[in-house]
Amino acid sequence: MSELLRFDRDDFRVWLTPIQEECDYILTSNHRRFPSEIGSIKRIHPSDFYERLTNP
């Protein structure tokens, strides 16, 4: 979680649930304020996630 220290502290709460629930992805279009990954959780743009769902 040390990666979060480089980012806005207000965004930390957004990561809490994905970290606690051991999610694979966090969906956000805000690539500027969120790191590309935290541990095994990858940031993914909603349209990319939709693309993965519809084109396996």
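If you're wondering where the values come from, they're calculated on a predicted model, not measured in any experiment. (Residues numbered from 1 in each chain as written. Predicted model: local features only at pLDDT ≥ 70, side-chain atom pairs only at ≥ 80, totals over all residues. Heavy atoms only, no water.)

Take the packing of aromatic side chains next. Inspection of every chain in the model, using the stated rule, returns two aromatic pairs. For the ring pair Trp-15 and Phe-34, a centre distance of 6.2 Å and an interplane angle of 50 degrees mean the geometry is tilted. Residue Trp-15 is found in helix H1 (residues 9-20), and its partner Phe-34 is found in the loop between strand E1 (25-27) and strand E2 (37-38); the two are separated by 19 residues along the sequence. In this pair, the class of Trp-15 matches that of Phe-34, namely buried. Residues Tyr-25 and Phe-49 carry aromatic rings whose centres are separated by 5.9 Å and whose planes lie at 65 degrees to one another, so their mutual orientation is edge-to-face. (Phe/Tyr/Trp six-rings, centres within 6.5 Å; stacked < 30°, edge-to-face > 60°. Helix = DSSP H or I, 4+ residues; strand = E, 2+ residues; numbered from the N terminus. Buried < 20%, exposed > 50% of the residue type's maximum accessible area, 1.4 Å probe, protein only.)

Across the sheet, which stays open at both edges, the three strands sit in the order E1-E3-E2 with mixed pairing between neighbours. Where the open sheet ends on each side, the last strands, each with one partner, are E1 and E2. (Pairing = 2+ DSSP bridges.)

On to H1, then. Between its first and last C-alpha atoms H1 spans 17 Å; for twelve residues at 1.5 Å apiece the expected length is 16 Å, and the two agree. Packing partners of the buried residues in H1 comprise E1, E2 and strand E3 (41-44). Positive phi appears at Glu-22, one or two residues downstream of H1, with a value of about 55 degrees. (Expected span 1.5 Å × (residues − 1). Contact = heavy atoms within 4.5 Å.)

What follows deals with the nonpolar core. Within the largest apolar cluster, five residues are counted, these being Trp-15, Ile-26, Phe-34, Ile-38 and Ile-41. Residue contacts for Ile-41: discarding those within four places in its chain leaves Trp-15, Pro-18, Ile-19, Cys-23, Asp-24, Tyr-25, Ile-26 and Ser-36. (Core = buried A, V, L, I, M, F, W, Y, C linked by side-chain atoms within 4.5 Å.)

Of note in this structure, Glu-22 is not a glycine but carries a positive phi near 55 degrees. Looking at where Glu-22 falls in the secondary structure, it is placed in the loop between H1 and E1. Residue classification places Glu-22 among the exposed positions, given a relative accessible area of 68%.

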